[in-house]
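# Observations on the three-dimensional arrangement
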Number of protein chains: 6
Amino acid sequence: MRVTINRKAHFNAAHRLHNPAWSEEKNQAVFGKCNNPNYHGHNYELIVAVTGEIDPDTGYVMDVKILKDLIKQEIEIPFDHKNLNLDTEEFKSLNPTAENIVVVIWNKLRKHINQSLDLKVTLYETPRNFVEYSGA
Amino acid sequence: MRVTINRKAHFNAAHRLHNPAWSEEKNQAVFGKCNNPNYHGHNYELIVAVTGEIDPDTGYVMDVKILKDLIKQEIEIPFDHKNLNLDTEEFKSLNPTAENIVVVIWNKLRKHINQSLDLKVTLYETPRNFVEYSGA
Amino acid sequence: MRVTINRKAHFNAAHRLHNPAWSEEKNQAVFGKCNNPNYHGHNYELIVAVTGEIDPDTGYVMDVKILKDLIKQEIEIPFDHKNLNLDTEEFKSLNPTAENIVVVIWNKLRKHINQSLDLKVTLYETPRNFVEYSGA
Amino acid sequence: MRVTINRKAHFNAAHRLHNPAWSEEKNQAVFGKCNNPNYHGHNYELIVAVTGEIDPDTGYVMDVKILKDLIKQEIEIPFDHKNLNLDTEEFKSLNPTAENIVVVIWNKLRKHINQSLDLKVTLYETPRNFVEYSGA
Amino acid sequence: MRVTINRKAHFNAAHRLHNPAWSEEKNQAVFGKCNNPNYHGHNYELIVAVTGEIDPDTGYVMDVKILKDLIKQEIEIPFDHKNLNLDTEEFKSLNPTAENIVVVIWNKLRKHINQSLDLKVTLYETPRNFVEYSGA
Amino acid sequence: MRVTINRKAHFNAAHRLHNPAWSEEKNQAVFGKCNNPNYHGHNYELIVAVTGEIDPDTGYVMDVKILKDLIKQEIEIPFDHKNLNLDTEEFKSLNPTAENIVVVIWNKLRKHINQSLDLKVTLYETPRNFVEYSGA
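### Overview of the environment of Ile 101 of chain A
All names here are of chain A. Residue position: Ile 101 is located in helix α4 (residues 98–110). A relative accessible area of 0% places Ile 101 in the buried class. Sequence-distant contacts of Ile 101, defined by excluding residues within four places in its chain, comprise Phe 11, Tyr 44, Leu 84, Phe 91, Pro 96 and Leu 123.

### Brief notes about the interface of chain C and chain E
With 19 residues of chain C at the interface, the matching set in chain E holds 19 residues. Taken together, the two surfaces of chain C and chain E that pack against each other cover about 1600 Å², and 52% of this comes from carbon and sulfur. If you sort the residues of chain C by the area they bury against chain E, Glu 99, Phe 130 and Glu 132 of chain C come out on top, with a joint share of 32%. Seen at the junction of chain C and chain E, the total is zero salt bridges. Taken together, the links from chain C to chain E amount to 12 residue pairs in polar contact (both at pLDDT 80 or more). For the side of chain C that touches chain E, the elements supplying multiple residues, two or more each, are α1 (24–31), α4 (98–110) and β5 (129–133) of chain C. Ranked by residue count, the leading element in the side of chain C that touches chain E is β5 of chain C, at five residues. Taken together, the residues that form the side of chain C that touches chain E break down as 11 nonpolar, five polar and three charged.

### Topic: the relation of the copies chain C and chain B
For the pair chain C and chain B, the best superposition has an RMSD of 0.0 Å and corresponds to a rotation of 180° with a translation of 0.0 Å parallel to the axis. Here the transformation between the copies is reduced to the relation of a two-fold axis. Mapped onto chain B, 100% of the interface residues of chain C are again interface residues, and the two copies thus contact each other with one and the same surface.

### Concerning the relation of the copies chain C and chain E
Least-squares fitting of chain C to chain E yields an RMSD of 0.0 Å, with the transformation described by 0.0 Å of translation along the axis and a rotation of 120°. What the rotation and shift describe, once combined, is the action of a three-fold rotation axis. In terms of C-alpha distance to the rotation axis, chain C has Pro 127 of chain C as its closest residue, with the C-alpha 8.9 Å off the axis.

### A few points about the packing of helix α2 (residues 64–79) of chain A against α4 of chain A
Residues and elements named next belong to chain A. It is at 10 Å that the axes of α2 and α4 come closest, and there the two elements cross at 140°. Relative to α4, α2 is oriented oblique. Crossing hand, α2 versus α4: right-handed. Where α2 approaches α4, its residues Leu 70, Ile 71, Glu 74, Ile 75, Pro 78 and Phe 79 are matched on the opposing element by Val 104, Ile 105, Lys 108 and Leu 109. Residues that form the contact of α2 with α4 fall into these classes: eight nonpolar, no polar and two charged.

### Some thoughts on the side chain of Asn 27 of chain B
Residues and elements named next belong to chain B. Structurally, Asn 27 is set in helix α1 (residues 24–31). A polar side-chain atom of Asn 27 sits 2.7 Å from the main-chain amide nitrogen of Asn 19. Once residues lying within four places of it in the same chain are set aside, the contact partners of Asn 27 are His 18, Asn 19, Trp 22, Gly 32 and Asn 35.

### Digging into the environment of Ile 47 of chain E
Structurally, Ile 47 of chain E can be placed in strand β2 (residues 40–53). Residue classification places Ile 47 of chain E among the buried positions, given a relative accessible area of 13%. Separated by 74 residues in the primary sequence, Ile 47 of chain E and Val 121 of chain E have C-alpha atoms spaced 5.9 Å apart. Ignoring sequence-local partners within four residues, the contact set of Ile 47 of chain E consists of Phe 130 of chain C together with Asn 6, Arg 7, Lys 8, Lys 120, Val 121, Thr 122 and Tyr 124 of chain E.

### A few points about the interface of chain C and chain B
Each side of the interface is counted separately: chain C has 24 residues, and chain B has 24 residues. The junction of chain C with chain B conceals about 1900 Å² of combined surface from both sides, 44% of it contributed by carbon and sulfur atoms. When the area that chain C buries against chain B is broken down by residue, the three leading residues are Asn 38, Asn 43 and His 81 of chain C, summing to 31%. Applying the counting criterion to the chain C and chain B interface returns four salt bridges. One salt bridge connects Lys 33 of chain C with Asp 80 of chain B, and the closest N-O pair in it is separated by 2.7 Å. Inspection of the region where chain C meets chain B yields 23 residue pairs in polar contact (both at pLDDT 80 or more). Elements with a contribution of two residues or more to the side of chain C that touches chain B: β1 (2–15), β2 (40–53), β3 (82–83), α3 (84–87) and β4 (118–126) of chain C.

### Concerning the pairing of strand β5 (residues 129–133) of chain E
Across the five residues that make up β5 of chain E, a large majority, five, are buried. Summarising the sheet, strand β4 (residues 118–126) of chain E and β5 of chain E pair through five bridges and their orientation is antiparallel. Its bridge partner lying in β5 of chain E, Thr 122 of chain E is registered against Glu 132 of chain E. What sits between β4 of chain E and β5 of chain E in their antiparallel hairpin is a turn of two residues. Taken together, the five bridges between β5 of chain E and strand β1 (residues 2–15) of chain F define a ladder with antiparallel strand orientation. What sits directly across from Glu 132 of chain E, in β1 of chain F, is Thr 4 of chain F.

Calculation notes
- Residues numbered from 1 in each chain as written.
- Chains lettered and ligands numbered in written order.
- Predicted model: local features only at pLDDT ≥ 70, side-chain atom pairs only at ≥ 80, totals over all residues.
- Heavy atoms only, no water.
- Helix = DSSP H or I, 4+ residues; strand = E, 2+ residues; numbered from the N terminus.
- Buried < 20%, exposed > 50% of the residue type's maximum accessible area, 1.4 Å probe, protein only.
- Contact = heavy atoms within 4.5 Å.
- Buried area = accessible area lost by both parts, 1.4 Å probe.
- Salt bridge = Lys/Arg side-chain N within 4 Å of Asp/Glu carboxyl O.
- Polar contact = N/O pair within 3.5 Å; in protein donor to acceptor, adjacent residues only side chain to side chain.
- Nonpolar A, V, L, I, M, F, W, Y, C, P; charged D, E, K, R; others polar.
- Least-squares fit on C-alpha atoms with pLDDT ≥ 70 in both.
- Axes fitted to C-alpha atoms, helices over the stretch in contact; angles between N-to-C directions.
- Parallel < 35°, antiparallel > 145°, perpendicular 65-115°, else oblique.
- Left-handed = near helix turned anticlockwise from the far one by under 90°.
- Pairing = 2+ DSSP bridges.

As structure tokens, then:
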């Protein structure tokens, strides 16, 4: 009897899509406006989903307050009001596309969540574009 | 060729998280503000998803009006504007966490929906916290 | 050149609509399900709007972090996860309708906001019902 | 390491639910208000989800601009501001229920998306009713 | 001390923008896709705002259940699942633009609401286009 | 009989709050995380409201397609995927707070909208913070 709990969070960041192995022309052709050398930014909205058995004593799969604090510590504090390309270790040499960001977030959270629990992360880059990753 | 239909519904209820086998101190430590003996409450928003084959005569998986009426009869009438701990049989001795509520709702609906159809229930306790259950 | 800044906040509370001067029959007739003696509850969503001149040094009408902290101190801490009828002074003898709650919130915030600034409060009791008050 | 990218789109259309093999009485009994011979309409909101490996050069599963243009060409241009029953080939002899529309959209998009990628379509007929199809 | 209460409602309808005094060419030039002779449609979302003094006995400006029933009787029943041009008296000779619809709705509700109360109607034609009318 | 039409739009941009007349310490004390020298960013959501008489021939206050194109030309093209501080003339020497941005947008639109029409602009910096300006 596995139930999924979901918690929403958010952070606001600047980024730029760029592949240093390519010419400026190719970067511009592939990434278009997202390649702006002066950066642009987004309100990233995050949904973290944890799936597991309900603990009969608490009625919880996982205490959502613990999940909220974990997201704050691992994701919001390092990424909020930051330039992802310049201010974070993770994206110094990894292109901060929504796809790469959601995988980085999943990996950062995975190591702090009990292995009996499944983890899925959904990341909204805009209200119209979002990505999902479940670790497989 | 299986399609999922989804119907949204809602109910407003009071509840309190509490384990009678524990001391007040432990209840307070585990459930915090949610343990308030005078109760607090939520606008619960519900999404009921039913998956199955499309009937070629109607173009429906299931008539959504029937699903809407079923949710009203089984969930909204018994739970809306109620105190879940005091006014319902289901939570007299079951802690009304979001996880336990979603399983109760799933069980109440499951017995009225054709066995050839899959059922999933999503329950928003707040716009930031929600749970999902598919019966497995 | 007056600009309005808006900040969203939220609290979850139980309440009951009841007029102690009336019979139980009249209370039931007027307030219906909202009169449940065991209480029900809502996720109250709040929008606080402050209008004034832009400070040319900061570019702010009012620092939204200060507004956020004020809402937390004056509204969220006293009302969140509370039973409005039993746990708050304001609604011990005042019926906690959405209309009365929004006026109470406005009055609590008004005394902490500079008199040169206008104040408006919007309170969502559910996503379908909300009230507004500007102090006049 | 498979990631899902999602893109939202929308179109506004008129439709009518009707089975020409049935009497008017049976059509009215089954489809009710949706059988109105003069049509009614909806703002259809669409979420197209594409799942696959991240390309290490771009950091993309699929360029979302290409997906956006594909949805525009295949879905928005032929369906937006149209009467689905009268103005489209697909629904000349297929009842335009949400279930049938989502399958038609999936089939139209599937042939333009690389076979290594999975496709799922979610279609909101109203904010309260929506359907999902993954091709199986 | 005037407070505003708001109630949301919705109806789904087909319509067509057309001025019979104009040529087909001019209708097409001005109304574009909205002039489709076979109609298109929308999920109209409605917010009805009523402003007045709080009744000290009830704590209500107006009983929201009465407002909800009034909207159902006057707006939802006549307009929901209808073709506004063909099925309603109001738009037989009035072009059903969002602007004209919101004025018609305001006029229909105004005559049933106490003259001491102010009335404002907001009508969403799509999530991106909406109109407002306060009767002045 | 004045009606308001509203159109939603959006742009994604990077920015930094900074007053060059102040020391780094004072900038940090006043603007906090928003002062990050490497910038951060937002999905700005915009609502443009135009109020006027309904033209009896069209049923329009203003053709919303013209308003949509005007917002695209004047706001989306110059601001979308830009660094407001570095890439725009308007914010080279004006601190890009939400308050200042909404006034700049209002001024850019005002000169293209007929003087008989009123204009109001609402700008969401995040889903929780937004500002409004009506030109007075």
